[in-house]
Amino acid sequence: MSSTVLADSPVRRMRRLVVLVLATVLGATLALAAATPAQAATGQAQTQAASDYAITGVVTGLDAAGRAVPLADAYLYAEPVDWADPRNHYGTTDAAGRFTIDVTEPGEYTLYANCHSGTACSNTYASQYYDQANGHGAAQTIVVSTTTPVTANIRLLRWATVTGKVTGPAGAPIAGITVESSPINGGSVVSTLTDATGAYTLAKVIPGQAQITAREDWDKHYWAPEYWNGTTTSTPAYPDPAPILPEGPTVTTANFQLAPQTGFTAEAVDTAGAPIQGLSWTVYTHNTETGQWDTPQYGPRQTDTKGQFFWRTAVGGRYKICFSDDYYGPEAPARDLRYGSRCWDNAADSTTATIFTQPATPEQRTMRVVLPVVGKSLTASDPWVNGAARVGSPLTVHPGAWGPTGVQLAYQWGIREAATDYVFTPIAGATGASFTPTTAHQGKSVSVRVTGTLAGYAPATMWSIGYAVGSGVVLTSPLRIDGTVATGQVLTANHGTPSSGAAIDYDSYEWRVDGGTVGWDKTLTVTAAMAGKAISVRYYLRTDAGNDDTTYVATVGGSQGTLTAPTPTITGTAKAGSTFTANPGTWGPAPVTLTYQWKRAGVAIAGATASTLALTGADTGKTLTVTVTGTKSGYTTTAKTSAATAVVAAGTLTAPTPTISGSTTVGSTLTAVPGTWGPAPVTLAHQWYRAGVAISGATASTYKLTSTDLGKTLTVRVVGSKTGYTAVAKTSMATSTVLAALTAPTPTITGTAKAGSRLTANPGTWGPAPVTLAYQWRRAGVAITGATASSYVLTGTDTGKTITVTVTGTKSGHTSVARTSAATAVIAAGTLTAPTPTITGTRTVGYTLTATPGTWGPAPVTLAYQWYRAGVAISGATASTYKLTTTDQGKTLTVRVTGSKTGYTAVAKMSAATTAVLGALTSAVPTITGTTRVSYTLTATPGTWGPAPVTFAYQWYRAGVAISGATASTYKLTTTDRGKTLTVRVTGSKAGYMTAGRISVATATIL
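Residues numbered from 1 in each chain as written. Predicted model: local features only at pLDDT ≥ 70, side-chain atom pairs only at ≥ 80, totals over all residues. Heavy atoms only, no water.

## Let's talk about the overall build of the chain
Inference 1: Helix and strand counts for the chain stand at 3 helices and 88 strands.
Inference 2: A globule of 1007 residues ought to have a C-alpha radius of gyration of about 30 Å, yet the chain, at 52 Å, is considerably larger.
Inference 3: Projected onto its principal axes, the C-alpha coordinates of the chain cover approximately 170 × 115 × 60 Å.
Inference 4: Across the 1007 residues of the chain, 43% fall into the buried class.
Inference 5: In the chain, once contacts between residues fewer than 6 apart in sequence are set aside, the share between residues at least 24 apart is 63%.
Inference 6: Taken together, the 68 basic and 49 acidic charged side chains of the chain have centroids lying 29 Å from each other. (Helix = DSSP H or I, 4+ residues; strand = E, 2+ residues; numbered from the N terminus. Rg over C-alpha atoms; globule rule 2.2 N^0.38 Å. Buried < 20%, exposed > 50% of the residue type's maximum accessible area, 1.4 Å probe, protein only. Contact = heavy atoms within 4.5 Å. Lys, Arg positive; Asp, Glu negative; His and termini not counted. Charge placed at Lys NZ, Arg CZ, Asp CG, Glu CD.)

So, in structure tokens, the structure goes:
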């Protein structure tokens, strides 16, 4: 309904008035601009005779060299600032550019100068207002207050010329693009189209700050508009400040590069796929800064003849599209049918609408929404309100012309205020044609909503403007219509002035004949078509006090005809809780506005002003009637009352079967749950029963079980009563047998609140003994799977949480009871068992060391390793083993083992350092040279060892057994060696290196 509010708001009314005013001003301006010298002279001749009140001066312009020269072909127009002053004052320059304009009276004026059309002057210079203003709004006021002429010189600006080219993203020319220059400070807008090469020329452009735009025609949407930024390029956003066009020379750098326009075409169709013209539409745009969905703040917004509208988007922007058919303003199309509201993608409303996110490609798409038919279209009018919005002062709605015949109007007065984001909030009971504000409405905006309904037609709703209560303007005399209601006669709306003495900031008039608008002036000329009809005028005013919009309505004329008014009938069951419907019959001549008033035993029922009435207990035993009142402009208001109904019978209460909640244990309290009785409110009474026998004094909705109830069942009887309804009694189902209560202390927990520790539940003494106890341990209130023993070992999962234990006691003939302990302190992280690691392996380059961590616990524990060389961490050495490199030579190594486990504090342990790592010698297999015969000498050749120098030691072996004393590099064979083979072992040693030994190949058998 928001579009309806916008469409019928004061904004729309003001827009109508502004359009009328602008049309008048534009017509006068165009007439002035087109005036010929002869016409100007005629205008001047129509002023009073020459007086001493004059404006004089010289009109000049710059020549091509930039020198100021007088202009002989200019005419001037002095306009009174007071637009109600009809006088025209013209002048023309002489050969020296001089002029004198006789304004005849003192006052304030604006001065306009232009060249006569068809002259060299008009081809070179632009029009100007005094002093150097392009438009009327920026013109400086000239005050003529004495008989001394006022001097006001005007310099006309030389036209500028702008040329350039419009291309697409790839540099291809675009033909048919509109390029226009709009002066920032007012003046004429110049436009042209690009040719086949994309080139354009703007001639006779007003110099100064200007907005130069390249865009498609308004009905095309392929290219996004661009704006010249004063350089050789353009920008998609308005440049601020706007570029400045120089006087005279041609600007050749106003080039534009257009990008494809992103957006969507939203299309509304009926169920047959036909387009629907004139639907209201709203686009919801997601505001990333506020998180809200923004909507356009203008209207009316309606679909075109194709049922479409186009919306420009930004890539990545999020949008929702909705259509409604609730606008009945003057711009609404004359359609026979009305359609239901729908949003894309065929959602019922904006809250369930599908969000469309604009992709980079494709740039555009069509969003189709199918709208179902709701019914035929009513004729509706803007409602008028008569009266000043003040506490205690009545306001009356004049609905205007509605149709067709039989349409029923309902009124609802309401308020709008900032606290509810100005959403219309109905005032309870304010459903008549008149409403009197109270102190509760002081300072709030009051308006009336008029809704028309008729079978087979879509409901129509119209809204009045809002009126601030307490600010209404009271007139010194009421609005009246003066004049004779006869063809050709003039009627005049007359009234007093604001009694407060405040000045009127704005006022207007609107005339209606039989509810249809016929004029907007203070006067109205009666035509033959108005004969015999009611003529009304609405006077709208606002003072400079602000926020005091007020309207008054007066009506005259119309021979008061007699309405066709049948006696209404009532249908429905005469029983409390049922609904009566008033059938008014056919009133005429249509349309007739009908209102309703229901009466109980002849007395009006407050607020009962709809065509239906829901019967209450207050109606029981009485008869009802309905009075239907018909109103129509030019006819006597008529009221008809129906025959009385039968005596209204007592109603039947809705009476569910009550239930009982609570523990059936001695000492516990049971609660009766009656269910929902109706129509509300219903008075309920209770009676509790033990084994079917009423318990004395147990008449509350709750009952506390005693030892007398042990072994028995209980029920509750609920009796509902309500004025005008038959009392009803309902009894609940019986409870289970009442059991005895166990003595159940609250358990406690002992133990250290630390992961790895054991907690023990101490249940206390339960009775009467024996009582079977069950345990359930809980972590942060959640049962721990499998933790059902009387003790519990804390794990790492418990760290940072509290632990409770629930002890449940059971015993035959007693109600089971569960008691939960107080929570422990927050479980602290556990402490790991962490031995000092050791290192095994040969401490020589090329060998692998192994870290032996020892046994960590409680298992499993995740271990991490870091090897250190001389106390410095070795990059990448994070395994449990480490292969020694030459970098380690001469240094000691350690390893740090870090143990971690969920819920436990991580622990790091460092091993003892190894001895210094030794280097590895390069060795060779020694060889033996010499004659293998007794008395000959053998020589051991060690080969090449490194790094040099290496010290060698020798040991000779006979048949694998060391020969005592044979430790030189040579060995002389003896008889003991005969028949055996010899080998030699060479041992190399060097400081900082691991000693190495090599054994030669055995010799041949010694001879």
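## Here's the deal with the state of the cysteines
Inference 1: Applying the stated criterion across every chain yields a total of 2 disulfides.
Inference 2: Here C115 pairs with C121 through a disulfide, and the sulfurs are 1.8 Å apart. On the S-S bond that ties C115 to C121, the torsion sits near -40 degrees, and the link is left-handed. Note on accessibility: C115 and C121 belong to one class, buried. (Disulfide = S-S within 2.5 Å.)

## Some remarks on the sheet that holds strand β74 (residues 862-869)
Whether parallel or antiparallel, the strands of a sheet pair through hydrogen bonds between backbone atoms.
Inference 1: If you trace the 4 strands from one edge of the open sheet to the other, you get β75-β74-β77-β79, paired in antiparallel fashion. In this open sheet, the two strands that pair with only one neighbour each are β75 (872-873) and β79 (907-910).
Inference 2: Pairing geometry for β74 and strand β77 (residues 893-900), over 8 bridges, is antiparallel. Each residue of the ladder has a partner; that of Y868, found in β77, is T894. (Pairing = 2+ DSSP bridges.)

## Looking at the side chain of E267
Inference 1: With respect to the secondary-structure elements, E267 resides in strand β21 (residues 263-269).
Inference 2: Relative accessible area serves as the criterion here: at 14%, E267 is assigned to the buried category.
Inference 3: Engagement of the side chain of E267 in a polar contact is seen with the side chain of R368, the distance being 3.0 Å.
Inference 4: Every residue in contact with E267, bar those within four places of it in the chain, is listed here: K306, G307, Q308, F323, T366, M367, R368 and V369. (Polar contact = N/O pair within 3.5 Å; in protein donor to acceptor, adjacent residues only side chain to side chain.)

## Some remarks on the packing of aromatic side chains
Inference 1: Tallying each qualifying case throughout the model produces 21 aromatic pairs.
Inference 2: Judged by centre distance (5.2 Å) and plane angle (35 degrees), the ring pair of Y77 and Y90 falls under tilted. Taken together, the residues Y77 in strand β3 (residues 74-80) and Y90 in strand β4 (residues 89-92) connect sequence positions 13 residues apart.
Inference 3: Judged by its relative accessible area of 11%, Y77 falls in the buried class.
Inference 4: Here the aromatic rings of W281 and W311 are separated by 5.8 Å at their centres, their planes lie at 75 degrees, and the arrangement is edge-to-face. In this pair, W281 is assigned in strand β22 (residues 280-286) and W311 in strand β24 (residues 308-312), connecting sequence segments 30 residues apart.
Inference 5: Given the relative accessible area of 16%, W311 is considered buried.
Inference 6: Through a chain of ring-to-ring contacts, three or more aromatic side chains come together here, namely F264, Y319, W344 and F356.
Inference 7: Over the ring of Y298 we find R301, and its NZ or CZ is 5.9 Å from the ring centre. (Phe/Tyr/Trp six-rings, centres within 6.5 Å; stacked < 30°, edge-to-face > 60°. Lys NZ or Arg CZ within 6 Å of the ring centre and 35° of its normal.)

## Section: unusual backbone geometry
Inference 1: The omega torsion across A769 and P770 is -5 degrees, close enough to zero to call that bond cis.
Inference 2: Tracing the sequence through the fold places P770 in the loop between β64 (758-762) and β65 (772-779).
Inference 3: The residue after G857, namely P858, is reached through a cis peptide bond having omega 0 degrees.
Inference 4: Take P858: it is sitting in the loop between β73 (848-852) and β74.
Inference 5: In this structure, Y422 is a non-glycine residue whose phi angle is positive, near 60 degrees.

## Comments concerning the nonpolar core
Considering soluble globular proteins, one finds that nonpolar side chains tend to be buried as a cluster.
Inference 1: Counting 27 residues, the largest nonpolar core has W402, W413 and V446 as its most contacted members.
Inference 2: Listed by contribution, the elements that provide at least two residues to this core are β32 (395-398), β33 (408-416), β36 (445-453) and β37 (460-463).
Inference 3: The leading source of residues in this core is β33, at 4 residues.
Inference 4: In contact with W402, not counting residues within four places along its chain, are T379, A380, S381, V407, L409, V450, G452, A460, M462 and P591. (Core = buried A, V, L, I, M, F, W, Y, C linked by side-chain atoms within 4.5 Å.)

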